[in-house]
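# Analysis of the macromolecular model
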Amino acid sequence: MGFAIQASGLTKRYGEVLALEGMDLNVPTGTVVGLLGPNGAGKTTCIRILTTLLRPDSGTATVAGADVLRESRKVRERIGLSGQYAAVDEYLTGFENLDMIGQLYHLDRRRSRERARELLVQFRLDDAGDRPAKTYSGGMRRRLDLAGALVANPPVLFLDEPTTGLDPRSRLDMWEVIQNLVTGGSTVLLTTQYLDEADALADEVVVIDRGRLIAQGTTDELKAQVGGERLEVVVSNADQLGSAHELLAPLALAPATLDERARLIVLPVSGGTGPLVDALHRLDDARVSVDDIGIRRPTLDDVFLALTGHAAEDGSGADGGPQPGGSRSGGQGRGDQPGGGHRGAEQPSDGRRGERTATAGASRGRHAGPEGEAQR
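Residues numbered from 1 in each chain as written. Predicted model: local features only at pLDDT ≥ 70, side-chain atom pairs only at ≥ 80, totals over all residues. Heavy atoms only, no water.

### Remarks on the sheet that holds strand 7 (residues 156-160)
- Taking strand neighbours across the sheet as the criterion, the six strands line up as 6-7-8-3-9-10 in an open arrangement whose pairing is mixed. Across the chains shown, the open sheet's two edge strands, defined by having one partner strand only, are strand 6 (79-82) and strand 10 (212-217). Strand-to-strand, the axes of this sheet are offset by a mean angle of 15 degrees, without reference to chain direction.
- Summarising the sheet, strand 7 and strand 8 (residues 187-192) pair through five bridges and their orientation is parallel. For Leu159, the partnering residue across the bridge sits in strand 8 and is Leu190.
- Across the sheet, helix 1 (residues 43-50) lies against strand 3 (32-36), strand 6, strand 7, strand 8 and strand 9 (204-209), angled at about 150 degrees from strand 8, the strand it touches most. (Pairing = 2+ DSSP bridges. Helix = DSSP H or I, 4+ residues; strand = E, 2+ residues; numbered from the N terminus. Axes fitted to C-alpha atoms, helices over the stretch in contact; angles between N-to-C directions. Contact = heavy atoms within 4.5 Å.)

In structure tokens:
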């Protein structure tokens, strides 16, 4: 299969803050790998390095067969990037945004316009394609931004927290888009702090915390690290907690945990629903009434808490780097309202603005420079 993305020993420091510390990463071709971690873990710094927007202090990386440092132009020709904040020009229509990006990728005028129309249909934006992007909702902007990353049909896609700020319906729509991309053969590196998102989309998950890779594997492999299934029983009457414990103890793989205040018994078990059925029979025969009973399997929340000692939504700052000021053009409203969805614009520390790719920095008035970089 081979690897579409390979990185070894990536290190990046912002002053006294170590944003990445010896990061190793391998992403198999044609898969989705989720880079999971809290705010400030180093996810965005890693993405910026791999997309040539930021130089590491040390380490090496190749993307789509090209060296990130020595062959940055080749890397930019072979990737698409959708950053944390939708990089669309609010004063251009959806069609004009995509057509402009096509020209930045040096598509001929006819092909650029054809590709723009194709993507508007693919992302269900064709009815809004001739409206200014400033009239779009947050979910529509995110879809337009992702469409822009696909204009040149890149084999490798970087999606940096693509559903941040979206409402639940828009999140599900974005998940469907990502799944369809991978079905079509794309390789996706997805950063997220949403554990359910990684569970739903990723073939493999890389857990990063405080700039270091601390675990890697499939979601099932990571969940197995924190233990197996648990049978949880809440009895109706606290007086029956002891007798229920005696009845269910033979089913447990290890000593049960009792919470008298919650009338709860937790037993480590295995075998799927078998212990659940057995427990129901035992309790029913003994006329022990229960308020709740079920099998609970470890979640990625459990994994992250066990590996890092804190919940995935914890964290401070943004990848340890200084937070740039300023904002993108347009409204500052909520992400699900027209004119909203744009928070403070991120700027890589090497001075380049935006987070599309260097070949397609979708901002009004830019043009493609001699190295394919978006320039004023």
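And the narrative resumes.
### Here we look at the pattern of salt bridges
- If you walk through the whole model with that rule in mind, you get 21 salt bridges.
- The partner of Arg111 in a salt bridge is Glu114, with the nearest N and O atoms 3.6 Å apart. One end of the pair, Arg111, and the other, Glu114, are both in helix 4 (residues 109-122), three residues apart, so they sit about a helical turn from each other.
- Asp199 is paired through a salt bridge with Lys223; the nearest N and O atoms lie 3.0 Å apart. Here Asp199 is found in helix 7 (residues 195-201), whereas its partner Lys223 is found in helix 8 (residues 219-224), with 24 residues between them in sequence.
- Asp199 sits in the partly exposed class, given a relative accessible area of 30%.
- On the basis of relative accessibility, which here comes to 15%, the residue Lys223 falls in the buried class.
- Within this structure, Arg110, Arg111, Glu114, Arg115 and Glu118 form a network of salt bridges that share partners. (Salt bridge = Lys/Arg side-chain N within 4 Å of Asp/Glu carboxyl O. Buried < 20%, exposed > 50% of the residue type's maximum accessible area, 1.4 Å probe, protein only.)

### Thoughts on helix 9 (residues 241-248)
- All of the buried residues along helix 9 are Leu241, Ala244 and Leu248. Projected down its long axis, helix 9 carries its buried residues within an arc of 65 degrees, all on one side. (Arc of directions from axis to C-beta.)

### As for the packing of aromatic side chains
- Throughout the structure, instances matching the rule amount to zero aromatic pairs.
- In this structure, Arg117 packs its charged tip against the face of Phe95, placed 4.0 Å from the ring centre.
- The lysine or arginine in question, Arg171, covers the ring of Tyr194, its NZ or CZ lying 4.4 Å from the ring centre. (Phe/Tyr/Trp six-rings, centres within 6.5 Å; stacked < 30°, edge-to-face > 60°. Lys NZ or Arg CZ within 6 Å of the ring centre and 35° of its normal.)

### So, the pairing of strand 4 (residues 58-63)
- Taken together, the five bridges between strand 1 (residues 3-14) and strand 4 define a ladder with antiparallel strand orientation. Looking at strand 4, one finds that Ser8 is bridged to Thr60.
- In the sheet, strand 4 pairs with strand 5 (residues 66-67) via two bridges, with the strands oriented antiparallel. Counted as the bridge partner of Thr62 is Asp67 from strand 5.
- Linking two consecutive strands that pair antiparallel, namely strand 4 and strand 5, is a turn of two residues; a positive phi of about 55 degrees is found at Ala64 within it.

### Let's talk about the side chain of Asp99
- Within the fold, Asp99 resides in helix 3 (residues 94-104).
- Nearest to the buried, unbridged Asp99 among oppositely charged side chains is Arg113, at 4.1 Å. (Lys, Arg positive; Asp, Glu negative; His and termini not counted.)

### Some points on the sheet that holds strand 12 (residues 257-259)
- The strand order across the open sheet built from four strands is 12-13-11-14, with neighbouring strands paired in antiparallel fashion. Among the strands making up the open sheet, the edge pair consists of strand 12 and strand 14 (290-296). Pairwise comparison of adjacent strand axes, ignoring direction, gives a mean angle of 15 degrees for this sheet.
- Examined bridge by bridge, strand 11 (residues 229-235) and strand 14 share six bridges and lie antiparallel to one another.

### Regarding the pairing of strand 1
- Relative to strand 2 (residues 17-28), strand 1 is paired through eight bridges, and the arrangement is antiparallel. Its bridge partner being in strand 2, Tyr14 is matched across the sheet by Val17.

### Comments concerning the side chain of Thr219
- Mapping Thr219 onto the fold places it in helix 8.
- In contact with Thr219, not counting residues within four places along its chain, are Ala198, Asp199, Val205 and Leu300.

### Remarks on the environment of Ser8
- Its place among the elements puts Ser8 in strand 1.
- Sequence spacing of Ser8 and Thr62 is 54 residues, and the spatial spacing of their C-alpha atoms is 9.3 Å.
- In this structure, Ser8 is in contact with Met23, Asp24, Gly59 and Thr60, ignoring residues within four places of it in sequence.

### Thoughts on the nonpolar core
- Core analysis: the largest hydrophobic core is formed by 44 residues, its most contacted members being Leu98 and Phe123.
- It is helix 6 (residues 168-183) that provides the largest number of residues to this core, a total of six residues.
- Those residues in contact with Phe123 that lie beyond four places of it in its chain are Arg143, Leu146, Ala147, Leu150 and Val177.
- By size, the runner-up hydrophobic cluster in this structure holds 31 residues, among which are Leu20, Cys46, Leu81 and Phe158. (Core = buried A, V, L, I, M, F, W, Y, C linked by side-chain atoms within 4.5 Å.)

### As for the packing of helix 9 against helix 10 (residues 274-285)
- Between helix 9 and helix 10, the least distance of the axes is 10 Å, while the angle of their chain directions is 135 degrees. As the angle between them shows, helix 9 and helix 10 are arranged oblique. Like other packed secondary-structure pairs, helix 9 and helix 10 cross with a definite hand, here right-handed. Across the interface between the two elements, Ala244, Leu247 and Leu248 of helix 9 pack against Ala279, Arg282 and Leu283 of helix 10. (Parallel < 35°, antiparallel > 145°, perpendicular 65-115°, else oblique. Left-handed = near helix turned anticlockwise from the far one by under 90°.)

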